[in-house]
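Geometric and topological summary
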Amino acid sequence: MKDGKLALLAFVLSKFPEDPKALDWLEIGCADYSNLLILKTLGVENLFGVEVNNSLLEAGIAYDEVATKSIQVTCGLIEDFSNNCERRFDVLFSCAVMQHINPLSNEVFGRLARIAKKYIVTIEAENQCNRFHYPRNYRRMLERYGFEQLDSVLFTTTSFEGVAMGMVGYTLRIFARH
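Residues numbered from 1 in each chain as written. Predicted model: local features only at pLDDT ≥ 70, side-chain atom pairs only at ≥ 80, totals over all residues. Heavy atoms only, no water.

Grouped together as the largest cluster of nonpolar side chains are 35 residues, with contacts concentrated most on F16, W25, L39, V121, I123, F155 and L172. Breaking this core down by element, the ones donating at least two residues are α1 (2-14), α2 (34-41), β4 (89-95), β5 (116-124) and β7 (171-177). Looking at this core, the element that brings in the most residues is α1, giving five residues. Residue contacts for I123: discarding those within four places in its chain leaves L8, V12, F93, S94, C95, A96, F155, M167, Y170, T171 and L172. If you look at the next biggest cluster of nonpolar residues, it comprises 24 residues, including M98, I101, I115 and M141. (Core = buried A, V, L, I, M, F, W, Y, C linked by side-chain atoms within 4.5 Å. Buried < 20%, exposed > 50% of the residue type's maximum accessible area, 1.4 Å probe, protein only. Helix = DSSP H or I, 4+ residues; strand = E, 2+ residues; numbered from the N terminus. Contact = heavy atoms within 4.5 Å.)

Here's what the structure looks like:
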């Protein structure tokens, strides 16, 4: 899985119109820091995260205490973080997290868009619908908040060789602020 994530995140970085390594990244739902640690390995220095599950954060720290020290992470609900965050980040990034936000909390997307200075990157299962996944058209939703889609890739079994098998059926979208 780690090789698949490495390939996926390298692919994401290759799609940026400017040097993504020079930007500060905020991952929404950073879990055990795994995506952030891979971005760090790929040369991104300014990394931040928010995660609701403290046990996942602790597992990431236990895995690589030295590397995680340079990443600033907040533990809490995305809804609370987005409501109280006064800082803005160049890139807001989400991988398989926004799809879990209940439609009753849709106002969170406007607040997340507010704290994204330049770009929003989503890698989400946009068409899954069950108790834990809520389908959304992220393009239509984020365009309402002043973002323009720069690129979109639907991962299929043949679309991207290095993608982790768990990402098949997910859509990568990169948006830029107008």
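Let's pick the thread back up.
According to the stated counting rule, one finds six salt bridges in the structure shown. A salt bridge links D24 to R87; its shortest N-O distance comes to 2.6 Å. With D24 in strand β1 (residues 24-28) and R87 in the loop between α5 (78-84) and β4, this pair connects stretches of sequence that are 63 residues apart. When its relative accessible area of 36% is taken as the criterion, R87 is described as partly exposed. Among the ionic pairs, K117 bridges to D90, the shortest N-O distance being 3.7 Å. On the criterion of sequence distance, the pair formed by K117 in strand β5 and D90 in strand β4 is long-range, its members being 27 residues apart. By relative accessible area, K117 is classed as partly exposed at 36%. (Salt bridge = Lys/Arg side-chain N within 4 Å of Asp/Glu carboxyl O.)

To continue, consider the packing of aromatic side chains. The geometry of an aromatic ring pair is captured by the separation of the ring centres together with the interplanar angle, meaning the angle of the planes. For the structure on display, the rule yields six aromatic pairs. Considering the side-chain rings of F109 and Y138, the 6.4 Å spacing of their centres and the 75° angle between planes classify their relative orientation as edge-to-face. Residue F109 is found in helix α6 (residues 107-115), and its partner Y138 is found in helix α7 (residues 138-143); the two are separated by 29 residues along the sequence. Take F109: its relative accessible area is 1%, and that puts it in the buried class. Three or more aromatic residues joined by ring pairs form one cluster here, namely F16, W25, F93 and Y119. Of note, R87 hangs over the ring of F48, and the distance from its end group to the ring centre comes to 4.3 Å. (Phe/Tyr/Trp six-rings, centres within 6.5 Å; stacked < 30°, edge-to-face > 60°. Lys NZ or Arg CZ within 6 Å of the ring centre and 35° of its normal.)

One key point about sheets: their strands pair by backbone hydrogen bonds, in either a parallel or an antiparallel sense. Read from one edge to the other, the open sheet built from seven strands follows the order β3-β2-β1-β4-β5-β7-β6, with strand pairing classed as mixed. Each having just a single partner strand, β3 (72-75) and β6 (147-154) make up the two edges of the open sheet. Along the sheet, successive strands turn relative to each other by an average axial angle of 15°, direction set aside. With six bridges connecting them, β4 and β5 associate as parallel partners. Among the inter-strand pairings, V91 is bridged to a residue of β5, identified as Y119. With respect to the sheet, α6 is in contact with β1, β4, β5, β6 and β7, its orientation differing from that of β5 by roughly 130°. (Pairing = 2+ DSSP bridges. Axes fitted to C-alpha atoms, helices over the stretch in contact; angles between N-to-C directions.)

A separate point is the state of the cysteines. Taken as a whole and judged by the stated rule, the model has zero disulfides. Not engaged in a disulfide, the cysteine C95 finds its nearest cysteine sulfur in C30; these two sulfurs lie 12 Å apart. According to the relative accessible area criterion, C95 is buried, its value standing at 13%. (Disulfide = S-S within 2.5 Å.)

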